[in-house]
Amino acid sequence: MGAIAIALLLILGGCAWDTPQTSLVPRSDLTRAIQGVYGIIAWVALVIGVLVLGLIAWILVRFRQQPGTPMPRQVRGHSTLEIAWTVAPAVVLLIIAVPTIQVIFRTQAPASPNALEIEVVGKQWWWEYRYPSLGVVTANELHVPAGRPVALKLVGWDVIHSFWVPQVAAKRDVIPGRLNHIVFTADTPGTYWGQCAEFCGTAHANMMLRVMVDAPENFDRWVKAQLAPPPEPSGLAAEGKALYAASACVGCHTIQGLSAGTLGPNLSHFGSRTTLAAGMLPIGPEALAAWLIDPQAVKPGAKMPKLGLSAEQARAVAAYLLTLK
Ligand code: CUA
């Protein structure tokens, strides 16, 4: 009974429906190509597995020891069999090698001239995105247009990270002193989850990200909003702006027309994002105020220092940051 329960637990564990980081549901040309190779290998392995295990089961039953059976004929060396079990695996490997090598070259494909170039910078413990042709800089939530090739240039900053978005961008290391590329065309608008996939220090597990694949017109709208100057805040948000401008925030963060720090994420359009602390939490006034009061309590290891803000001050700064749509 216990064994059956454990077996069921393990098998049913694979039946989750809410799996935003699945690598089995590809949503770009690149991940579809990779999934294609997986498919071939999985089917080949399944056929071989069934064949071999079936044969073993049949042999165990058919040639089991029975009372009175004589010793079977003893065979030593069998050229035909030996040639067969050398050639057969070679053929199987060949069948797998052809599509695998094709896709390996595909993962290194150069970008087409109309591709949208985006620089991805991995930093402890968040992601910076720069769109040189659009003049946009943002963090943690990467917007890309559906149907247009995207060329990511992966740049290391401090230590080795790995940019991993299973459904659209697959995975590639982000290494200081080395330029890596990912070229893909996302095909289905939606929000896709990603995660740093190379241990990079205390907050590695919380170095998450989102990729928003937008319909082309929505992407254009997003770009326009990112380029627009932030609105002038009023009330509590105006107080927050004054606090922001007078505090250490300005040393690390950029807000168009107000501060030009580059150590932390660009906050010019912070309020247009959906998550906080590199994809950890949904963005909202309470979560943001808690973060401003004590970042390490929210995300252990976070490089943002405690600013000594009171609860009231944190609420004001949060209100201000949320106006930055
Ligand atoms: Cu960055 Cu792990």
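Engineer: What should I look at first to understand the overall build of the chain in this one?
Structural biologist: Each helix and strand in the chain was counted, giving nine helices and 14 strands. Taken against the 2.2 N^0.38 rule, which gives 20 Å for 325 residues, the C-alpha radius of gyration of the chain at 27 Å runs more than 25% over that of a compact globule. Dimensions of the chain, computed from the C-alpha atoms along their principal axes, are close to 95 × 55 × 35 Å. Taking all 325 residues of the chain together, the buried fraction comes to 38%. Of all intrachain contacts in the chain linking residues separated by at least 6 positions in sequence, the fraction that spans at least 24 positions is 63%. Distance from the positive charge centre (24 side chains) to the negative charge centre (19 side chains) of the chain: 10 Å.

Engineer: Sorry, what's going on with the environment of Ile11 here?
Structural biologist: Take Ile11: it is sitting in helix H1 (residues 2-12). Taking the C-alpha atoms as reference, Ile11 lies 54 Å from Leu243; in sequence the two are 232 residues apart.

Engineer: Just to check I follow, could you spell out a nonpolar patch on the surface for this structure?
Structural biologist: On the surface, a nonpolar cluster with roughly 680 Å² of combined accessible area is contributed by Ile48, Leu51, Val52, Leu53, Ile56, Leu60 and Val61. Relative to the assigned elements, Val52 resides in helix H2 (residues 29-62).

Engineer: Is there a simple way to think about the domain arrangement of the chain in this case?
Structural biologist: Interface size is often expressed as the accessible area that is lost when the parts come together. Taken domain by domain, the chain holds domain 1 (116-227) and domain 2 (236-322). Opposite the 20 residues of domain 1 that make contact, domain 2 presents 19 residues. Between domain 1 and domain 2, the buried area comes to about 1,600 Å², and carbon and sulfur atoms account for 50% of it. The largest contributions to the domain 1 side of the interface with domain 2 come from Glu141, Asn206 and Gln226, which together make up 28% of the buried area.

Engineer: Got a minute to help me understand the packing of aromatic side chains in this structure?
Structural biologist: The final tally for this structure, using the stated rule, is six aromatic pairs. Three or more aromatic residues joined by ring pairs make a cluster, and in this case those are Tyr131, Phe219 and Trp222. The ring of Phe63 is capped by Arg62, whose NZ or CZ atom sits 4.9 Å from the centre of that ring. Sitting over the face of the ring of Trp157, Lys123 holds its NZ or CZ atom 3.9 Å from the ring centroid.

Engineer: Looking at this structure, how should I read the nonpolar core?
Structural biologist: Counting residues in hydrophobic clusters, the biggest one holds 35 residues, and the most contacted among them are Leu152 and Phe163. One finds Leu276, Leu288, Val298 and Val317 within the second-largest nonpolar core, a separate group that totals 23 residues.

Engineer: Would you explain unusual backbone geometry in this entry?
Structural biologist: Across the chain, the bulk of peptide bonds are trans and the bulk of non-glycine residues have phi less than zero. Along the chain, Gln124 connects to Trp125 via a cis peptide bond; the corresponding omega equals -5°. Inspection of the secondary structure assignment puts Trp125 in the loop between strand E1 (116-123) and strand E2 (126-131). One non-glycine residue, Ala170, lies in the positive phi region at around 55°. In this fold, Ala170 is placed in strand E7 (residues 170-174). Residue classification places Ala170 among the buried positions, given a relative accessible area of 14%. Of note in the backbone geometry, Ala278 takes a positive phi value of approximately 60° without being a glycine. The topology assignment puts Ala278 in the loop between strand E13 (275-276) and strand E14 (281-282).

Engineer: What should I look at first to understand the packing of helix H7 (residues 285-293) against helix H9 (residues 311-323) in this one?
Structural biologist: The geometry of a pair of packed helices is captured by two quantities: the angle between their axes and the separation between those axes. Close contact between H7 and H9 brings their axes to 8 Å; oriented N to C, the two are set at 125°. By the angle between their directions, the pair H7 and H9 is classed as oblique. Crossing of H7 over H9 shows right-handed handedness. When H7 is examined against H9, the residues Pro285, Leu288, Ala289, Leu292 and Ile293 are found in contact with a partner set consisting of Ala311, Ala314, Arg315, Val317, Ala318, Leu321 and Leu322. By residue class, the composition of the contact of H7 with H9 is eleven nonpolar, no polar and one charged.

Engineer: Could you clarify how one ought to interpret H9 in this entry?
Structural biologist: Owing to its 3.6 residues per turn, the α-helix brings residues three or four apart onto one side. Between the first and last C-alpha of H9 there are 19 Å, a value that for 13 residues agrees with the 18 Å anticipated at 1.5 Å per step. Looking only at H9, the buried set comprises Ala314, Ala316, Val317, Ala318, Tyr320, Leu321 and Leu322. Residues of H9 that are buried make contact with helix H5 (236-246), strand E11 (254-255) and H7.

Engineer: For this particular structure, what's the right way to read the side chain of Thr107?
Structural biologist: Mapped onto the fold, Thr107 is located in helix H3 (residues 79-107). Taking relative accessible area as the criterion, Thr107 reaches 18% and is therefore assigned buried. Polar contacts involving the side chain of Thr107 include one to the main-chain carbonyl oxygen of Ile104, which spans 2.6 Å. Other than its neighbours up to four places away in sequence, Thr107 contacts Leu30, Ile34 and Arg172.

Parameters at a glance
- Residues numbered from 1 in each chain as written.
- Predicted model: local features only at pLDDT ≥ 70, side-chain atom pairs only at ≥ 80, totals over all residues.
- Heavy atoms only, no water.
- Helix = DSSP H or I, 4+ residues; strand = E, 2+ residues; numbered from the N terminus.
- Rg over C-alpha atoms; globule rule 2.2 N^0.38 Å.
- Buried < 20%, exposed > 50% of the residue type's maximum accessible area, 1.4 Å probe, protein only.
- Contact = heavy atoms within 4.5 Å.
- Lys, Arg positive; Asp, Glu negative; His and termini not counted.
- Charge placed at Lys NZ, Arg CZ, Asp CG, Glu CD.
- Patch = residues over 30% accessible without salt bridge, like charges linked within 9 Å, V, L, I, M, F, W, Y side chains within 5 Å.
- Areas by Shrake-Rupley, 256 points an atom, 1.4 Å probe, with all protein chains shown as cover.
- Salt bridge = Lys/Arg side-chain N within 4 Å of Asp/Glu carboxyl O.
- Domains from an automatic or database assignment.
- Buried area = accessible area lost by both parts, 1.4 Å probe.
- Phe/Tyr/Trp six-rings, centres within 6.5 Å; stacked < 30°, edge-to-face > 60°.
- Lys NZ or Arg CZ within 6 Å of the ring centre and 35° of its normal.
- Core = buried A, V, L, I, M, F, W, Y, C linked by side-chain atoms within 4.5 Å.
- Axes fitted to C-alpha atoms, helices over the stretch in contact; angles between N-to-C directions.
- Parallel < 35°, antiparallel > 145°, perpendicular 65-115°, else oblique.
- Left-handed = near helix turned anticlockwise from the far one by under 90°.
- Nonpolar A, V, L, I, M, F, W, Y, C, P; charged D, E, K, R; others polar.
- Expected span 1.5 Å × (residues − 1).
- Polar contact = N/O pair within 3.5 Å; in protein donor to acceptor, adjacent residues only side chain to side chain.

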